[in-house]
Amino acid sequence: MDTALNIHNPSSVARTMQLVLFALIPGTLVYCYLFGWGVLINIALAVFSAALFEALSQHLRKRSPATALADYSAVVTAVLIALCLPPLIPWWIPVLASGFAMLLAKHCFGGIGNNLFNPAMVGYAMVLISFPTELSVWLQQPTGLSISFIESLHAVFHGGVPAIPQWDALTGATALDQHRTMALEKASLSAINQQTVGFFGASYSEWTNLAYLAGGLWLLHKKTINWHIPVSVLVTLLAALLFHKLFSSQPLSVPVNLFGGATMLCAFFISTDPVSAAASARGRLIYGAVTGLLIYIIRVYGAYPDSVAFAVLLANCAVPTIDRLDIWLNRSTDA
Amino acid sequence: MIFYKKQNRIRGGLQFETRDFGNIETPPLPDAVNIDCGNEAEITVSPGQQVLTGQPLTKPDNNVITSHASVSGVITSIDKQVVSIKSDRQDTRFQFAKPVLNSSSDYQAYFCKMGLIGMGGAGFPVHQKIKSITPDTLLINAAECDPAIYCDEALIQERAAEIVKGIHIALHATGAKNCIIGIEDNKTKAIEQLQKHLPVNIELVQIPSIYPSGAEQSLFYLCTGKSGTLKDNKAICFNVATCYAMHQAVDFCRPLTTRILSIVQNNSVRNIEARIGTSLLTLQPMFDQPLPEKVICGGKMMGVTVNKNHCINKTTNSILTTEKPAQQILPCIRCGACEEICPENLMPQQLYWHTSPINTDQLQDLTLHNCIECACCDAVCPSHIPLAALFNAAKSQLEDEKNAYQKAELAKSRYEKRLNRLNSQATRQRKQLDSKTAQLSDGKNSDAEKKALIAKALNRKKSKTPATDKSRNNRSL
C-alpha cells in the first residue's frame, strides 16, 4: 500500500544529535576554561578519528559513508569520549577509544540503532582498563589557559604530561579517587575535605557538572531527551548516597558524588542515548534506577574511582530484559 | 447544551491546524462521469441507454451498495463494472415515489435503494449498519477524521438545519433514545450553527481538536467517557454528511449522487460539491495549479496516493495536492517519540523491531491488533520510517498465518475424526463377522445347510452391480 502521510516532519536523527552537541557546549567551555587547551585537542582528535572510522566501517559494510556521517551520531560519541578523558593525555588514547567505539561497539552490531552498548562508554572503558596509568593523570589545579596551545599540543604528541617537577605539582588523582582512597584508610570526612580542592571538594569538576546540568535541562526543555532517565539516575543515586550516610560509618560526601566526576554528563548525555537505553517510559525509569544504583555501588565498593562507564554498560546489558519485563507488566495490567 | 469534558482526552495524538475556507462551491456539470458500481453489483442498464440523474444503475440488494447515475445522459460504455455516462447537460431528475417509512426495516430497504453509505471515510452501507444493532445511543460524528479535511465543517456551517433534520430521521430509523453530537472545539462557526438549530434533547459535546479523535471509537469515549466498543455500549455512529444524505433521501427522494469534498492545496482550502464519478481532470478549474500526476485521497495522515485521472466515489472526502516531502529512511534510534504520541498506548518502536522479520508471538504480546494505523508515529519519527504501512503489512501477514493455522487445525481434526470412524467401522464389522462365525460353527448346521447358505450369499453378492460397490468403497475411503 502506498500511504500518503503528507506531513513535513521536522524532526530528524541529525537534528537530535545537533541539539545534543549544542547542549554540550557550556560544559565543554567550562571544562576548557578550567583545564586549558587539552580538552579541545582531545575533542578534535576524537571527532576526527571517529569520523574516519565511521566512514571506513560504512565503506567495509558497503554502505554510503556520507549518510552515516550526516547524522552526527559519530560526532556525539567522539565528543562524549573526549569529555570523559583527562586533558593532556597522549594523542593515541582518544584515537584508539574512538576507533574501538566505532568499529566494535557500533558497526559490529549493525551500525546506528542496533548497538547494544553505548559506543562512547565502550571506547572509554576499553582505554580505562588498558591504560590506567595514562588515564589517572588529571590536572589537580585548574590551569586555565596558562599552558599555551603549543605547549599543550607538544604534551599531547610527546607522551602526555611531562614528568618534570613544574608539572608534577599540577597533576594528581581526581577528587572521587582521593575520597575513595582516604575513605578506605578510615579518614574522617573533614580530613578528606581538607585534602581536596574546589568549591566543595570536587576538584572543580563541580563547575563542569553544573554546566552539563544546564545543558541537560535545556535538552529537556527542547524535548530532545525524556525526563525519565536523568531523574531516575539522579534520584536513585541520591537515595543510595543518603542511605549510605545514615547506615554506614564509611565517610562519603554527597555533593562530591552528585557533582563530581561524570555524574551529570552520565545522567543527561550518556545514559540518555536512546539506542542503548530501554524503550518505554516505565522501562527508562527502571533503566535509570539500575544505572544510578550501579554508579553508587561501583564508586563506593568497586576498584575504580568513577564508575559511570561501567554502570552504563552494565545497565545496557539489562535493557533487553527490562524491555521484556515492561511488555509483561503491560500485559498483566491490561488483563 | 454544551459540555466540554476536558478530562476526556485521548492519549498522545497530533494537534489540528485550523484553516479558513469559503462557501461550498459547485463545479460546472461534468461532460462525462465514470461510476464504479463495485464487483458484486448486478448492473441493470446497458450501453446506449438514456438515463436520468438519480436513476439506479444496479439492482438494489442488501449485500451491495446501489449506484445511481449522477448526471442525465447516455451510457457510453460499461467496462469492469464501471459505467460511463456522457452528460446531456440537461440534468433531468429521475422521479422516485414518496416512500412510506414506518419501521426500521422500511428505512433499511429505502436507504439500500438510495445507495446511502457512511460518508466519513470507511463507506460502510447505512442499511447494514442499522440492521446490525438496536442502539440506545446515536452518536453523530461532526469531527473530521483527518487534520487536512474540512468538508464536514463546511457542511455544518452552511447546512446545519438540514443536518438536524437528518439526525431526526436517523433517530427514527435506528430507534435510538438519546443522541450525542461530538465536534472539535476549534470549529467555532460550525458549533454556533449547530446550537442555533439543535433541539434540547440532543447533546452537543466539544472534544479537543487532536487527531485521531474523530475515529468513532475514540469519539464515543470522548463524548461519553465510557470505554469499550460501540457495540458493547449499544451505540451507533453516523457522520454529519451521512445525516445530510438521509435528509436528502427521505425528504426530497434524492439518492446519493453528489458528495462534498475538500480540495487542500498549499495556499488554499476549497470545499466543493461534486458529482459522484467526476474525474479529477474535469475538476482542474477548482485547483490553483495544474494537477500533478499523483494526488492524495483521504487526508494527509491515512490517505492513499491516486493518479490524476481518478474518479470521485462516495467515500472521497478530500484531495491533497501538496507534495510529499522526500525524506530518507534511516535506522530506528529507539528515541521513543512514537510511543509518546501513540493514541492506543502501544510501543511502535518495539513493534517495528519485531516486524522484520515477523515475530508472531512478540507482536501479539505487544498487541499489534490494537493499532488503528493513524500514522501519528510516522509523523514524529526522526528516522522517517513508514511505521503505519509496516504495521498494516504485518497485520495482514499475521492474519494469513492465523488462517493457515486454523485451516491446518481443521484438516487435522477432520483426519482424526475420519480415522476414528474407520476404526470403529472396522471393529463393528469384525464383531458382526465373529458373531456370524460363532453362529455357523456351533455344529448345529449340517454341511448341506452350510452350502445352501454360501450359495445364497454368493447370489446376493452377484445381484449387486460391481460398479456401485466400487463407488461405495471409494466414498468410504
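The residue numbering used here restarts from 1 in each chain and proceeds along that chain's sequence as written. As they are written, the chains are lettered A onward and the ligands numbered 1 onward, keeping that order. The predicted origin of the model limits local features to residues at a pLDDT of at least 70 and limits the giving and counting of side-chain atom pairs to 80 or more, whereas totals for whole chains, interfaces and linings rest on all residues. Working from all heavy atoms in the structure, the side-chain values ignore hydrogens and water.

### A few points about the packing of helix α2 (residues 38-60) of chain A against helix α8 (residues 149-157) of chain A
For any two helices packed against each other, the geometry is given by the interaxial angle and the distance between the axes.
Residue and element names in this part refer to chain A.
(1) Moving on: In this analysis, axes come from line fits to C-alpha atoms, helices being fitted only over the stretch in contact, and the angle between any two N-to-C directions falls in the range 0 to 180 degrees. Only DSSP runs of H or I reaching four residues or more are called helices, and only runs of E reaching two or more are called strands; each is numbered from the N terminus. Running from amino to carboxyl end, α2 crosses α8 at an angle of 55°, the nearest separation of the two axes being 9 Å. Of the possible angle classes, the one that applies to α2 and α8 is oblique. Both α2 and α8 take part in a crossing whose hand is right-handed. Of the residues in α8, those in contact with Gly38, Ile41 and Leu45 of α2 are Phe149, Ser152, Leu153, Val156 and Phe157.
(2) Moving on: For this classification, the nonpolar set comprises Ala, Val, Leu, Ile, Met, Phe, Trp, Tyr, Cys and Pro, the charged set comprises Asp, Glu, Lys and Arg, and every other residue, Gly included, is treated as polar. When the residues that make up the contact of α2 with α8 are grouped by side-chain class, the tally is 6 nonpolar, 2 polar and no charged. When describing relative orientation, an angle under 35 degrees is termed roughly parallel and one over 145 degrees roughly antiparallel, while 65 to 115 degrees is termed roughly perpendicular and anything else oblique. For any pair of crossing helices, the crossing counts as left-handed if the nearer helix is rotated counterclockwise from the farther one by less than a right angle, and right-handed if it is rotated clockwise. Throughout, a residue-residue contact means that at least one pair of heavy atoms, one from each residue, lies within 4.5 Å.

### Digging into helix α11 (residues 387-440) of chain B
Because each turn of an α-helix spans 3.6 residues, side chains separated by three or four positions in sequence point in the same direction.
Residue and element names in this part refer to chain B.
(1) Moving on: Across its 54 residues, α11 extends 79 Å between first and last C-alpha, which sits within 8% of the 80 Å expected from 1.5 Å per residue.
(2) Moving on: Using a 1.4 Å probe on the protein chains alone, a residue whose accessible area is under 20% of its type maximum counts as buried, one over 50% counts as exposed, and one in between counts as partly exposed. Within the span of α11, buried status applies to Leu387, Ala388, Phe391, Ala394 and Leu398.
(3) Moving on: Of the surrounding elements, those touching the buried residues of α11 are α7 (337-341), α8 (348-353), α9 (360-365) and α10 (376-380). Any helix carries an expected span of 1.5 Å times its number of residues minus one.

### A closer look at the pattern of salt bridges
All names here are of chain B.
(1) Moving on: Counted as salt bridges are all cases of a side-chain nitrogen of Lys or Arg within 4 Å of a carboxyl oxygen of Asp or Glu. For the coordinates displayed, the defined rule picks out 15 salt bridges over all chains.
(2) Moving on: Among the salt bridges present, the one from Glu184 reaches Lys187, with a minimum N-O distance of 2.6 Å.
(3) Moving on: Given the relative accessible area of 0%, Glu184 is considered buried.

### Focus: the nonpolar core
(1) Moving on: Here, nonpolar core means buried Ala, Val, Leu, Ile, Met, Phe, Trp, Tyr and Cys residues that are tied together by side-chain atoms lying within 4.5 Å of each other. Formed by 89 residues in total, the largest nonpolar core has its most connected members in Leu24, Leu83, Met121, Leu265, Phe269 and Tyr287 of chain A.
(2) Moving on: With 11 residues, helix α1 (residues 13-35) of chain A is the single largest residue contributor to this core.
(3) Moving on: In this structure, Ile167, Leu204, Ile236 and Ile260 of chain B belong to the second largest nonpolar core, which totals 59 residues.

### What about the interface of chain B and chain A?
(1) Moving on: Each partner contributes residues to the interface: chain B has 41 residues there, and chain A has 33 residues.
(2) Moving on: The term buried area denotes the loss of accessible surface (1.4 Å probe radius) that occurs when two parts are joined, taken as the sum for both partners. Taken over both partners, the interface formed by chain B and chain A buries close to 3,100 Å², and the fraction arising from carbon and sulfur atoms is 52%.
(3) Moving on: Of all residues in chain B, the largest losses of buried area upon contact with chain A belong to Ile333, Arg334 and Asp365 of chain B, amounting jointly to 21% of the total for that side.
(4) Moving on: The tally of links from chain B across to chain A stands at 2 salt bridges.
(5) Moving on: Any pair of nitrogen or oxygen atoms within 3.5 Å is treated as a polar contact; in protein, a donor-acceptor pairing is required on top of that, and neighbouring residues in sequence qualify only through side-chain atoms on both sides. Between chain B and chain A we count 9 residue pairs in polar contact (both at pLDDT 80 or more) in total.
(6) Moving on: Among the elements of the structure, β15 (304-307), α7, α8, α9, α10 and α11 of chain B are those that each provide at least two residues to the side of chain B that touches chain A.
(7) Moving on: Partitioning the side of chain B that touches chain A into residue classes produces 20 nonpolar, 13 polar and 8 charged.

### Examining the environment of Arg259 of chain B
Residues and elements named next belong to chain B.
(1) Moving on: Following the sequence through the fold, Arg259 ends up in strand β12 (residues 258-264).
(2) Moving on: By relative accessible area, which is 2% here, Arg259 ends up buried.
(3) Moving on: Considered as a pair, Arg259 and Ile183 are 76 residues apart in the sequence and their alpha carbons are 20 Å apart.
(4) Moving on: The residues touching Arg259, leaving out its near neighbours within four places in the chain, are Met119, Cys151, Ile272, Glu273, Ala274, Ile276, Ile312, Asn313, Lys314, Thr315, Thr316 and Asn317.
(5) Moving on: Side-chain polar atoms of Arg259 contact the backbone oxygen of Met119, separated by 3.3 Å.

### Some thoughts on a nonpolar patch on the surface
Residue and element names in this part refer to chain A.
(1) Moving on: Residues enter patches when they are more than 30% accessible in relative terms and free of salt bridges; like-charged ones are connected within 9 Å and nonpolar ones (Val, Leu, Ile, Met, Phe, Trp, Tyr) within 5 Å. Values of accessible area rely on a 1.4 Å probe in the Shrake-Rupley scheme; residue burial ignores everything except the protein chains shown. Residues Phe22, Ile25, Leu29 and Trp218 make up a contiguous nonpolar surface patch of roughly 390 Å² in combined accessible area.
(2) Moving on: The leading source of residues in the nonpolar patch is α1, at 3 residues.
(3) Moving on: Its place among the elements puts Leu29 in helix α1.

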